[in-house]
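# Examining the three-dimensional arrangement
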Amino acid sequence: PGSASYRKRHEAEGILGEFVHVGYNQAAIVVAKGNPMNVTSDLKKLTRADLKVVIGDPSTGSIGRETKRILDGAELYEKVRANTIYLTTDSRNLNHAIKRKDADVAVNWRATAFFAENSDMVDSVDLDPEVAKPKKLLLNLLKSSSMPEKAKRFMEFAASEQGQAIFRKHGFLDNQMKSGAL
């Protein structure tokens, strides 16, 4: 896991060495390619009766917890939950729900809409960073690495301008909070 929260939680265990900040991921609204239901970034729209909504279960995955945090902050979790056709376990299954046409809309990690297996079938609708706070991503060198110098070179590459361009291409915000073209 690349989340900064994992480093914070496990740093005292002594297994993590150096790290680099490589970017951010952020929750977004994910829709079918072309956004046929004209879904906007307004979270209140997730209560539209004409939308089939799927969200992550907050007890089974990071996107479920993040979705609940975002919707609780907007005082909408219970209303959106009431409009949800089902909860699913993780980001992969949220995208599958859109791709199978089980759902019109989901809240998912933005970058997943750019993954090769999803990009032809889903789009992301970005949320305001004040609403969906970007989550810092780190590359951590494990102290047990058998090739620490190679790992360090990779970490340096990922944090370089060329590496950052790759992060943007794949839907992540780079370490300066810049995104690629949608």
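Only a predicted model underlies this, so the values are computations on that prediction, with no experimental measurement involved.

## Section: the layout of surface pockets
Looking at the largest pocket, its volume works out to about 530 Å³. In this structure, the largest pocket is lined by 18 residues; those nearest its centre are Ser3, Tyr6, Ser62, Trp109 and Lys135. Looking at the lining of the largest pocket, the elements that each hand over two or more residues are α1 (4-10), α2 (62-73) and β7 (135-142). With four residues, the single largest contributor to the lining of the largest pocket is α2. Grouping the constituent residues of the lining of the largest pocket by class yields six nonpolar, six polar and six charged. Of the volumes computed, that of the second largest pocket is approximately 150 Å³. Considering the residues around the second largest pocket, the lining is formed by Ala32, Pro36, Met37, Lys52, Ile98, Lys99, Lys101, Ala103, Asp104 and Met121. Of the residues belonging to the lining of the second largest pocket, the class tally is six nonpolar, no polar and four charged.

Cut-offs applied
Residues numbered from 1 in each chain as written. Predicted model: local features only at pLDDT ≥ 70, side-chain atom pairs only at ≥ 80, totals over all residues. Heavy atoms only, no water. 1 Å grid on protein atoms, 1.4 Å probe; cavity = no way out; pocket = protein on both sides within 12 Å on 5 of 7 lines; lining within 4 Å. Points joined across faces, edges and corners; volume = space filled by probe spheres on them. Helix = DSSP H or I, 4+ residues; strand = E, 2+ residues; numbered from the N terminus. Nonpolar A, V, L, I, M, F, W, Y, C, P; charged D, E, K, R; others polar.

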